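# Working through the structure, step by step
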Amino acid sequence: MRKFYSLIVWSALLAMLPGCLLAQGLRISGRVTSAQDGQPIPGVNIVVKGTTNGVSTDANGNYSIAIPNQNAVLLLTSIGLTSQEVTVGNRTVVNVQMQESVNELSQVVVTGYTTTQRKDISGSIASISPERFKEIPVTSLDQALQGQAAGVQVTQSSGTPGGGLTVRIRGATSISASNRPLFIVDGVPVADGALSDREFGGQTDNALALFNPNDIESMQVLKDASAKAIYGSRAANGVVLITTKRGKSNQKTAFTLDVQRGMTDVVRRPDLLNATELLTLQREAVTNAGQDPDKLGLVKGVTDGVNTDWVDATLRKGIYQQYQLSTQGGNDRTQFYLSGSYRDEEGVQLNNRFTRYTGQLKFDHKATQKLSFGTNLTLSRALNKRVKGDNFLDGVYSGAVKSLPYYSPYNEQGRLYGPADGANYAGFPNFNPVGQALLPRFNVYTIKMLGGIYGEYEIIPNLRFRTKFSIDYNNITEDDYEPSTTAIGGYLSSVGGFGYGTYSNTNSSTFINTNTLNYSFILAEKHRFTAMAGFEMLQHTYRLGSVQGRLFPSDDFTYIRSAGIVDQGDGVVTNNGLISTFGEVNYAYNDKYLATLTTRYDGSSRFGQDRRFGIFPSGSVAWRISNEDFMQNFHALTDLKLRASYGFTGNERIGDYQFLGTWASATYSGATGVGPAALANPLLQWERTREANIGLDASFFSGRLNVTIDAYDNMTDKLLFAQPIPQTTGFSTVQGNIGKVANRGVELTISTVNLNKAVQWKTDLNISHNENKVVELVSSEPIFRGYQGNGVGGTNVILPGNPLGTFWGLKFLGVDPATGNAIYNDKNGDGRISPDDGQVIGNAQPKLFGGLTNRVSWKGFDLSVFFQASYGNSILNFSNVTLLNSGADLQNNQTRQALKRWQKEGDITTVPKYEYLNTYNNYLSSRFLEDGSYLRLKNISFGYNFPKAWISKYKVSNARLYASAMNLWTLTRYSGPDPEVSTLDGSTSAQGIDFFTLPQIKTVLVGLSLSF
């Protein structure tokens, strides 16, 4: 530890020496900004012409330089910018605007705690402009990433508004710890994933849906160790840096109004049987079992006298609307940005709705030439009216898909059938799905505050100290009530039949203080150095309190105060913290050879005393081949850069106190005491990922063709995994560091300007391939995950040599034409089919995934078409275990594929015969595994920008009218409603399961944007 601090101190002193030697004579300062958008430009070389005295602009575009006299001329150069010469004259402040010559190279990129130009990057970073998704009605920040960057796989788990998403950057690195990337918004690590305490059938809510994506200025995805090791023990899953909009220098106060309004619907409905078709099938199944269907109540013309389409009864076309008003402006000293927005989205399920209010404030002020300060504040309030879904027995969509069409939701008087209505109420297992949607109350109220205040001071020329205090505060209140007319409140005997209610409040807050020193200078016009050192403290506190009640006097009394019995509750407080030092040094020689060294030293409260601190170093180099003399004859080549990086990152995202031997309350024979709850492991530490990356950036024809290729090889060891131990100890597992997971892959990004005259046409393409594999565990025995499979151990397995997300089951060989029975592979050759014949039958991870965007504009008209695709992944259609069950039971409707069943000797089909109570034909097997590949028209937008001559007389500077459609068309072989679903939201080991999951939503909207 002492050696590390000594290294930081000596590096800072050596870096300061050139600046001290040059700090003589006259001195000027200023800021370099882009002429296109007014944003500051870092990394611009500024040299006093005729001397070797030079500096480069810092992360905020600021510089300070000594000059011999007032006749001095400043030479400003940077790849991708038009070089400029500026005479100082009598000025002490010289601000310069520079023109971009090649947009890709001069693009400003946030790289962690600093910013730089893309030309100076030696790591793997993907930049996503908000222009790509501004007309797509994305709900959350992470949804905006889908299909936009190579190596970034985003899957929306269901069509629930405000619901969860799965984000993976270069594959899954962990089995038990979180695989979500670290999301940094305006320098603050924010809560992501689920906030509410209650899951709804595997589906969760999404903390990132509390932000307004329209406030985004830029998004950067840090993918390799060089780019992300600055975040150390939290960076193994990748880092997403999000910068929100701020005011611009020399801009008059401007206002922007954005309005969107449209309709939503599911992309596809399941194809189910009507009452007559189902009755025919059920009678056949009973007859095949040697029984009389009439005696079971399956009577033609009577049983099918009612024909309810439950899916249509529970789904609707929803209304989507969003409104935003923002203003921004500023001068050289003060800039501001202020916005407010309202979003309301009716879910396609009855009674499902997501409503959000957001406000954003940014203020930056330069008090003196040395001192600047500012603040940012984001406020959000959301109401998520949830409904039960997926694998809940009393779920809305799941119940609608399964329910027999023989029942009705309403009686003749228009009242919903409930448990008290006897034979008219379907009861277990499907109940009344319409009642399950309309009658319960599942309201989640969320308040979020993300705020920070910073100050920055120039200690000596080009040495700046910056400190920032920030907080991410989230308060979640869940208010639930299920009346006596519902399955839980009135049917479930253990509740009592008179209503059931719960109430909980969760508070999750993160406080962080970040301090950095930045210094930059140039030696002999060719050697450019930038250095950064920092210290950071983070503390997170989680509080939960909940209570439940039952036996309410009537359904008019719905809050816990009125419950006859309040018999359960919970309360907990946990804390965790992180203390870190970090540093980064960048060197560039003549803009030809680049090198970056980064390290972070982290201490986490989540690990044992002797394993609490660790170091995460990385290094990268780049060679700009295009600047070599031997490349000057290649006139079509604008830029060619070869990159390589190597380093280490970590993952500490597990529960708190897992290294401790903990005790918990216990009750025995009516007495209360304490007992051991978990075994101690003082050697517990974070997962470590070794990452190697090589990349190539090429630009041709003055930036009209840009190509980026990356190849990586990552190995994660010391997995945070519950290690199995003999149960004679009293425990089945102990939290340990065992096993390895590998990820290897290739990424390709191509951006082109195909036409650039009266008609402009641009194309962006990204394709990724990732190979994931569990390399090592404590043993080679399979570890089952997911759901219990009929006839086998489980739906998913963790097994060395196979990827995470591997499916397990029997191998289905077809249907015997003579008997109609299923044929399975007898793997162990013992002459019978048993769980011992279970084997790997597929995996959920795609071989390729990516996105393609084309944008065309002409005379004010513009068209954007965005496709997103996944290829080579399998989906376990677990719904068909119920909906294509070969007659194993008569309690559920069936999919239309059942009509292809075996009926007589000689039939050739893949659907076994239907026989009542025959479970053999319905064993979990590869029969239920399908190709999940798809190509989806994710968005198409068409707009018109009104001529300024038409609108200027109304004092409107810009006016745009557009129409946009999302998820409009899908090409897939998957027989289910939607291939882009995953029942167990966010699961790594049990991904790719479709178990009555609500399909994605297609949205058609019109929008208007006005600036004045």
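Turning our attention to the overall build of the protein chain. Across its full length, the protein chain holds ten helices and 50 strands. With the C-alpha coordinates of the protein chain rotated into their principal frame, the extents come out at 105 × 75 × 65 Å. Within the span of the protein chain, comprising 1012 residues, buried residues form 57% of the whole. In the protein chain, the proportion of contacts linking residues at least 24 apart, taken out of those at least 6 apart, comes to 70%. Surface summary for the protein chain: the accessible area is close to 40700 Å², and the carbon and sulfur share equals 57%. The protein chain carries 91 positive and 85 negative side-chain charges, and their two centres are separated by 7 Å.

Time to look at the pattern of salt bridges. Per the stated rule, a full pass over the model turns up 57 salt bridges. One salt bridge in this structure joins Lys 228 and Glu 691, with 3.2 Å as the shortest N-O distance. Taken together, the residues span a long stretch of sequence, with Lys 228 in helix H3 (residues 225–228) and Glu 691 in strand S32 (residues 687–700) at a distance of 463 residues. Residue class for Glu 691 comes out buried when judged on its relative accessible area of 2%. Taking the shortest distance from any N to any O, the salt bridge between Asp 713 and Arg 690 comes out at 3.8 Å.

Turning our attention to the nonpolar core. Leu 315, Val 401, Phe 807, Leu 876, Phe 878, Leu 924 and Ile 993 are the most contacted members of the largest nonpolar core, which has 43 residues in total. Within the residue set of this core, elements represented by two or more residues are helix H5 (310–314), helix H6 (396–402), helix H7 (433–438), strand S40 (806–809), strand S41 (812–815), strand S42 (822–824) and helix H9 (880–883). Aside from chain neighbours lying at most four places away, what touches Val 401 is Pro 270, Leu 272, Val 311, Leu 883, Asn 893 and Phe 996. With 31 residues, the next largest nonpolar core counts Leu 165, Phe 183, Val 221 and Ile 512 among its residues.

Right, let's get into the sheet that holds strand S38 (residues 783–785). Taken together, the four strands give an open sheet; going across it, the order is S38-S39-S40-S43, and neighbouring strands pair in antiparallel fashion. Each edge of the open sheet carries a strand with a single partner, namely S38 and strand S43 (839–843). In this sheet, neighbouring strand axes are inclined to one another by 45° on average, regardless of whether the strands run parallel or antiparallel.

Right, let's talk about a nonpolar patch on the surface for a bit. Together, Tyr 593, Trp 623, Phe 630, Leu 642, Ile 694, Leu 696, Ile 709 and Val 746 give the surface a local cluster of nonpolar side chains, amounting to about 670 Å² of exposed area. Examined against the element boundaries, Ile 694 turns out to sit in strand S32.

Here the focus is the pairing of strand S12 (residues 165–169). Among the five residues that make up S12, five are buried, leaving the element largely enclosed by the rest of the structure. Side chains of S12 alternate between two faces, with Leu 165, Val 167 and Ile 169 and Thr 166 and Arg 168 buried alike. When strand S11 (residues 152–156) meets S12, the two strands line up antiparallel, connected through five bridges. What sits directly across from Val 152, in S12, is Ile 169.

Next up on the list: the environment of Asp 292. By the element assignment, Asp 292 lies in the loop between helix H4 (275–288) and H5. On a C-alpha basis, the gap between Asp 292 and Asp 205 in space is 48 Å, while along the polypeptide they are 87 residues apart. A polar atom in the side chain of Asp 292 sits 3.1 Å from the backbone nitrogen of Asp 294.

Here we come to the side chain of Gln 839. Considering the arrangement of structural elements, one finds Gln 839 in strand S43. Given a relative accessible area of 13%, Gln 839 falls into the buried group. Apart from the residues within four sequence positions on either side, Gln 839 is in contact with Phe 807, Trp 808, Gly 809, Lys 811, Asn 825 and Lys 827.

Bringing the packing of aromatic side chains into the picture now. In this structure the tally under the stated criterion is 33 aromatic pairs. Judged by centre distance (5.0 Å) and plane angle (45°), the rings of Tyr 342 and Tyr 357 are tilted. With a gap of 15 residues between them, Tyr 342 in strand S19 (residues 334–346) and Tyr 357 in strand S20 (residues 353–366) connect regions that are remote in the sequence. Residue Tyr 342 is classed as partly exposed on the basis of its relative accessible area, which comes to 24%. Geometrically, the ring pair formed by Trp 858 and Phe 861 is stacked, given 6.4 Å between the ring centres and 20° between the ring planes. Phe 861 gets classed as partly exposed once you look at its relative accessible area, which sits at 33%. Here the aromatic residues Trp 858, Phe 861, Phe 942, Tyr 944, Phe 946 and Trp 950 are joined through ring pairs into a cluster of three or more. The ring of Tyr 934 has Arg 936 lying over it, and the distance from NZ or CZ to the ring centre is 5.6 Å.

Turning to the side chain of Gln 117, a few remarks are in order. Secondary-structure assignment places Gln 117 in strand S9 (residues 115–117). In this structure Gln 117 comes out as buried when scored by relative accessible area, which is 0%. Of the polar contacts made by the side chain of Gln 117, one reaches the side chain of Ser 78; its length is 2.7 Å.

Within the element layout of this structure, Phe 701 appears in the loop between S32 and strand S33 (705–717). Sequence separation between Phe 701 and Thr 752 is 51 residues, and the spatial gap between their C-alpha atoms is 10.0 Å. The contact partners of Phe 701, leaving out residues within four places of it in the chain, are Ala 636 and Thr 638.

On average, residues of the protein chain score 91 in pLDDT, and 97% of them are at 70 or above. Across residues 1–24 the pLDDT falls below 50, and counting only partners more than four positions away or on other chains, this stretch makes 22 contacts in the model.

A word on the pairing of strand S4 (residues 62–67). Among the six residues of S4, six are classified as buried, and the element is accordingly described as predominantly covered. Residues Asn 62, Ser 64 and Ala 66 point to one face of S4 and Tyr 63, Ile 65 and Ile 67 to the other, with burial holding for every one of them. The sheet contact formed by strand S1 (residues 26–34) and S4 spans six bridges and is antiparallel. Bridge pairing in S4 links Gly 30 to Tyr 63.

For the rest of this paragraph, the subject is the environment of Val 93. For Val 93, the position within the fold is in the loop between strand S6 (84–87) and strand S7 (96–98). Between the C-alpha atom of Val 93 and that of Arg 31, which follows or precedes it by 62 residues, the distance is 8.5 Å. With residues up to four places along the chain from it excluded, the contact list for Val 93 reads Ser 29, Gly 30 and Gln 369.

Looking now at the sheet that holds S7. Sheet architecture is open: three strands sit in the order S4-S1-S7, paired in mixed fashion. The outermost strands of the open sheet, each flanked by one partner alone, are S4 and S7. Taken over all neighbouring pairs, the strand axes of this sheet differ in orientation by 35° on average, direction set aside.

Time to look at unusual backbone geometry. Put simply, Phe 428 and Pro 429 share a cis peptide bond, and its omega is 5°. Tracing the backbone shows Pro 429 in the loop between H6 and H7. One non-glycine residue, Asn 462, adopts positive backbone phi at about 75°. When you line up the elements, Asn 462 lands in the loop between strand S22 (441–460) and strand S23 (463–482). The phi angle at Asn 967 is positive, at roughly 55°, despite the residue not being glycine. Assignment of secondary structure puts Asn 967 in strand S49 (residues 958–972).

Conventions used here
- Residues numbered from 1 in each chain as written.
- Predicted model: local features only at pLDDT ≥ 70, side-chain atom pairs only at ≥ 80, totals over all residues.
- Heavy atoms only, no water.
- Helix = DSSP H or I, 4+ residues; strand = E, 2+ residues; numbered from the N terminus.
- Buried < 20%, exposed > 50% of the residue type's maximum accessible area, 1.4 Å probe, protein only.
- Contact = heavy atoms within 4.5 Å.
- Areas by Shrake-Rupley, 256 points an atom, 1.4 Å probe, with all protein chains shown as cover.
- Lys, Arg positive; Asp, Glu negative; His and termini not counted.
- Charge placed at Lys NZ, Arg CZ, Asp CG, Glu CD.
- Salt bridge = Lys/Arg side-chain N within 4 Å of Asp/Glu carboxyl O.
- Core = buried A, V, L, I, M, F, W, Y, C linked by side-chain atoms within 4.5 Å.
- Pairing = 2+ DSSP bridges.
- Axes fitted to C-alpha atoms, helices over the stretch in contact; angles between N-to-C directions.
- Patch = residues over 30% accessible without salt bridge, like charges linked within 9 Å, V, L, I, M, F, W, Y side chains within 5 Å.
- Polar contact = N/O pair within 3.5 Å; in protein donor to acceptor, adjacent residues only side chain to side chain.
- Phe/Tyr/Trp six-rings, centres within 6.5 Å; stacked < 30°, edge-to-face > 60°.
- Lys NZ or Arg CZ within 6 Å of the ring centre and 35° of its normal.
- pLDDT = per-residue confidence, 0-100.

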